[in-house]
Structures are given as structure tokens and as C-alpha cells.
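# An overview of the molecular structure
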Number of protein chains: 2
Amino acid sequence: MENRYTDKLKETLNSYHELSDSSLEILLQNCEISSHTAETYISRENKPDSSEYFLLEGILHSCHYSESGENITTGFYLPGTVITPHFARTIGGNSIYGLQFLTAGVAGSIPVTILDELRNRIEDIRIFGKKVVEEELTRSVRQNLSFRADSAKERLINLRSEYPNLENMVPHTAIASFLGITPVSFSRLRNTLAKKQHNFLSNDKRNPPLK
Amino acid sequence: MENRYTDKLKETLNSYHELSDSSLEILLQNCEISSHTAETYISRENKPDSSEYFLLEGILHSCHYSESGENITTGFYLPGTVITPHFARTIGGNSIYGLQFLTAGVAGSIPVTILDELRNRIEDIRIFGKKVVEEELTRSVRQNLSFRADSAKERLINLRSEYPNLENMVPHTAIASFLGITPVSFSRLRNTLAKKQHNFLSNDKRNPPLK
């Protein structure tokens, strides 16, 4: 395993819970690192999947093909995060959605059976797993609420706060799809928010325009 | 505490993980049981909440007031279930949505600080907590996917499978809101599905119509 990815993987794991050197070592020994080009799937809808994943570089989305053949984005993952745990995104061992790179990237994977065994046996890996599940539930509940209850404008503001700079990194069709609006509406919404931001800055007395 | 609710509470807790008699006893000692009429809130959006809840009788929904003052249903809870854990439905100790009874009902509550202390100290209560969080994440991920990716018809079919008979128990406005459609579209969708069911039964050769 290349050193730069070893360090990135350790950093990712430690960001959920500070792990001992021996726990990090055993996790790394069981991890496989792989590089992917944009549009590559690491898991496919309705196909067997038996791994947990760590995103080290690039951006992934979870996605689903609608009846009309449209690829709908249901979530985003940024580098340095653990992908939604296996038990929550599979039924009978098959993935309920696809996991696809939106940019070139690097992922770590570990067989779910091995990680489960380590979580049962080693205390700090158990706590790491608990933290991952709790963070994921918090994220899922908030995103679900925002998608159901907020206006498109509020949803975009939430997205920008949760995934800063995403609009400069992934196709806008994926973001529009995640927000549940058309690409044309998304483009209009961006313009509206940009104008508001411009007016806000122009009217801000603390920062008068240069003469 | 009335005996019938003690039994119902034990049954609810045991349905997530079989608990020892002493663990059940200590949980019951720290639980408060209260009866509520329909439309009562046990938790209000943006207000402090410091409890975990167990739904023993009746049906609850999580809900949010939209900008236009509409009460949007974001989830349902059936009797015998633990409500979404406190950490996932609060920010800074304030609830991110309301929890309101749609029917008359009974809930148990326990201070989150006490349950957290018990989870840290007692092994089977720790596993109970883990199971609750895992079930809730699975439910949240699947509902999020269905709401984003499925047609209204598929969403209604999923709802009927997850909450059987719900349409006979709660206001249809709440169900339409949860499905993200108008009450009129909901009524039409029910009629379409009822007709299909009728045609399916009439055409089913295994069950020929009586002569």
C-alpha cells in the first residue's frame, strides 16, 4: 500500500474515533486500496456487495436508476469519510443503490465479515463503528428532513454548508438530481443566490464599495 | 405504573434485544408513562428535548411546519417501537422536528442522560441501544431512497408494506404529506391501486369467481 494512502486512511479512521496503533495496523492490514476513474462503480444496485468502504480521494455518489432510465443521485460522499455501513445499504447481501465515482478517486475496502469480527473483539474498533453509525444516522435524518420539508433554495443552502465547494467539483446534473429539481431550475437558483450575495455585499456598510 | 403498560414496555424493549430481568427492571424504574390525546405533541420543533421515547399505544408522526404554515409529515411510528434516538433528532439539545400523536396514545420516556449512563455501564442495554440505532439507520436510508427515487405509486406500496393498515388509522392528509403528493392525488392513487387489485383477483385462475 502506498504511504500517502496509508496516512490518509489512518487520518480518515481517526477522525471518527482515535484508534490505538495496533488497531490501526490491523485495519490497514485488512484493507485494500484501489484507484478509480470518474464514473466507475464500486458497488452496483441489486448486485452482491460484501465490503465496507472508506473514501480517500475524489467524490462518490449513491445513485439509483429510475423507471425512465434516469440516474438519480441520492447522496454524496467527500474524501476522508466512511461510506454508509453495509447493513444499512444492502438487503440480503445485495446493494440497494449504486456507489459511483463522480470524479477520479481512491477508495479503501475491507470485507464486512472481517470488520464485524474486529468490532466485536477490539474495544476501540467497536467505538469507531458506533461513531460511524451514529454520524450516518444523524446525517440521514437531517437530509431526509431537509429534502421533505425545505424549499429548493433552503436545500441548496444546506448542501453548500454540508459539502462546501461541491458545485465546482461534480457535474451539476448530479447536484440538481440530489436537490430534486431540473438542471435548468438549479442554474436559475444559483443565479438568484449569486445576485442576493452580490446585493448583500454592495449594501454592506462595513465593506463599502471601492471608489 | 399500570401493569398493562409495564408489559407493553418490556415487550417493546425486548423486541430490539432480549434484556435480562435486572436490566428491564432498571429501565422501567427510570421510565415515565403518559397518555395523550390525538394531536398532542411530546416534542416540539426547535424546543428543548432531553428524553428518549418508547411508543406503547397509538400512532405518532414526526412533523415540520413549512414556510407556508403547512404541517408536513416526515415519518411515522407504530406502537411497540423506539422513537428515533435523541442524538439524531436534536441540534444543541433542541428538537429538529415535532413529535405529535395522530391518534390517542401512550408513550414511555426516559431522560437521555440516564439511558446513556445505563448503556455505558450495562452490556445488554448497550447492545439494545446499538440495535435501535442500526434499525433506525436502515429505516432512514431506505425511506430516503424510496422518497427520492420511487414513483408515488411505489412509495405508497412501500408504505403499505412497512406500516400495514395505516390508511385506516391516521388522517389521509398526513399520509399524502409523507408521500409528497396532494390529498387529491393520494385519493386517485388509492383508487387506481384498488382497481388493479380487483382486476388481479378477477383474473386469477387459482381463485375463479363464484358462479
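The residue numbers shown here count from 1 along each chain, following its written sequence. Chains and ligands are labelled by the order in which they are written, letters from A for the one and numbers from 1 for the other. Given that the model is predicted, a residue must reach a pLDDT of at least 70 before its local features are reported, and side-chain atom pairs must reach 80 or more before they are shown or counted; all residues, however, enter totals for whole chains, interfaces and linings. With hydrogens and water excluded, all non-hydrogen atoms of the structure serve as input to the side-chain values.

What follows is about the packing of aromatic side chains. Here a Phe, Tyr or Trp ring, Trp counted by its six-membered ring, pairs with any other such ring whose centre lies within 6.5 Å, and the pair is stacked when the planes are under 30 degrees apart, edge-to-face when over 60, and tilted otherwise. If you walk through the whole model with that rule in mind, you get seven aromatic pairs over all chains. Arranged with centres 5.9 Å apart and planes meeting at 90°, the rings of F147 of chain A and F147 of chain B form a pair that is edge-to-face. Within this pair, whereas F147 of chain A is found in helix α5 (residues 123-149), its partner F147 of chain B is found in helix α5 (residues 123-149), the two belonging to separate chains. By relative accessible area, F147 of chain A is classed as buried at 13%. Aromatic ring contacts, followed pair by pair, group F76, Y163 and F178 of chain A into a single cluster. When the ring centre of F147 of chain B is taken as reference, the NZ or CZ atom of R148 of chain A above it lies at 3.9 Å. Secondary structure elements are defined from DSSP: runs of H or I of at least 4 residues count as helices, runs of E of at least 2 residues count as strands, and each element is numbered from the N terminus. Residue exposure (1.4 Å probe, protein chains only): buried if accessible area is under 20% of the type maximum, exposed if over 50%, otherwise partly exposed. Should the NZ of a Lys or the CZ of an Arg lie within 6 Å of a ring centre and within 35 degrees of the ring normal, that charge is described as sitting over the ring.

Our next topic: the environment of A174 of chain A. Residue and element names in this part refer to chain A. With respect to the helices, strands and loops of the structure, A174 is situated in helix α7 (residues 172-179). Spatially, the C-alpha atom of A174 lies 9.3 Å from that of C63, the residues being 111 residues apart in sequence. Throughout, a contact is declared for two residues whenever any of their heavy atoms are within 4.5 Å. Apart from the residues lying within four places of it in its own chain, the contact partners of A174 are T73, F76 and L102.

Moving on to the sheet that holds strand β5 (residues 71-77) of chain A. Here a strand pair is declared whenever DSSP counts at least two bridges between the two strands. Spatially, four strands are ordered β2-β9-β4-β5 (chain A) in an open sheet, and the strand pairing comes out antiparallel. Both edges of this open sheet fall to β2 (41-43) and β5 of chain A, since each of them pairs with a single strand only. Neighbour-to-neighbour, the strand axes of this sheet turn through a mean angle of 35°, independent of strand direction. In the sheet, strand β4 (residues 60-65) of chain A pairs with strand β9 (residues 98-101) of chain A via four bridges, with the strands oriented antiparallel. Directly across from S62 of chain A, in β9 of chain A, lies its bridge partner L99 of chain A. Orientation is described by lines fitted to C-alpha atoms, with helices fitted over the stretch in contact, and by angles between N-to-C directions that extend from 0 to 180 degrees. Strands in contact with α5 of chain B are β4 and β5 of chain A; relative to β5 of chain A, the strand with the most contacts, it is inclined by about 140°.

Further remarks concern the domain arrangement of chain A. Residue and element names in this part refer to chain A. Boundaries between domains were set according to an automatic or database domain assignment. Domains assigned within chain A are domain 1 (3-149) and domain 2 (151-206). Using only C-alpha atoms to locate each centre, domain 1 and domain 2 end up separated by 27 Å. Between domain 1 and domain 2, the contact holds 15 residues from the first and 16 residues from the second. For the pairing of domain 1 and domain 2, the buried interface totals around 1300 Å² over both sides, and the portion due to carbon and sulfur atoms is 65%. Accessible surface is computed with a 1.4 Å probe, and the buried area is the amount of it that two parts give up when combined, taken over both parts together. Sorting the residues of domain 1 by area buried against domain 2 places F76, L78 and F147 first, and these three jointly supply 40% of that buried surface. Salt bridges are defined by distance alone: a side-chain nitrogen of Lys or Arg within 4 Å of a carboxyl oxygen of Asp or Glu. The tally of links between domain 1 and domain 2 comes to zero salt bridges. Contributing elements (two or more residues each) for the side of domain 1 that touches domain 2: β5 and α5. Ranked by residue count, the leading element in the side of domain 1 that touches domain 2 is β5, at six residues. Side-chain classes are defined by residue name, with Ala, Val, Leu, Ile, Met, Phe, Trp, Tyr, Cys and Pro counting as nonpolar, Asp, Glu, Lys and Arg as charged, and the others, Gly among them, as polar. The class makeup of the residues in the side of domain 1 that touches domain 2 is seven nonpolar, seven polar and one charged.

Each side of the interface is counted separately: chain B has 34 residues, and chain A has 34 residues. Both faces combined, the contact of chain B with chain A buries some 3100 Å², and carbon together with sulfur accounts for 62% of it. Per-residue buried area on chain B facing chain A is highest for L137, L145 and R148 of chain B; these three make up 24% of the total on that side. Our enumeration of links across chain B and chain A arrives at two salt bridges. For R119 of chain B, the salt bridge is made with E134 of chain A, and the minimal N-O distance between the two is 4.0 Å. Throughout this description, a polar contact denotes any pair of N or O atoms lying within 3.5 Å of each other; where both atoms belong to protein, one of them has to be capable of donating a hydrogen while the other can accept it, and for residues adjacent in sequence the pair is counted only when both atoms sit in side chains. Scanning the region where chain B abuts chain A turns up three residue pairs in polar contact (both at pLDDT 80 or more). Put simply, the parts of the chain that give the side of chain B that touches chain A at least two residues each are β5 (71-77), α3 (86-89), β7 (90-91) and α5 of chain B.

Residue and element names in this part refer to chain B. One open sheet holds the four strands; their spatial order is β1-β10-β3-β6, and the pairing between them is antiparallel. Each edge of the sheet is formed by a strand with only one pairing partner; in this case those strands are β1 (32-36) and β6 (81-82). For strand β3 (residues 51-57) and β6, the ladder comprises two bridges, and the chain directions are antiparallel. For L55, the partnering residue across the bridge sits in β6 and is T81.

Mapping chain B onto chain A calls for a screw motion: a turn of 180° about the axis and a shift of 0.0 Å along it, with 0.0 Å RMSD after fitting. In symmetry terms, the pair is related by a two-fold rotation axis. Counting the interface residues of chain B, we find that 100% of their copies in chain A are interface residues as well, pointing to one common contact surface. Our superposition of the copies is a least-squares fit, built on the C-alpha atoms of residues whose pLDDT is at least 70 in both.

The subject of this paragraph is α5 of chain B. In a helix, the anticipated span is given by 1.5 Å times the number of residues less one. Over its 27 residues, α5 of chain B runs 39 Å from end to end, which matches the ideal 39 Å to within 8%, given 1.5 Å per residue. Among the 27 residues that make up α5 of chain B, 21 are buried, leaving the element largely enclosed by the rest of the structure.

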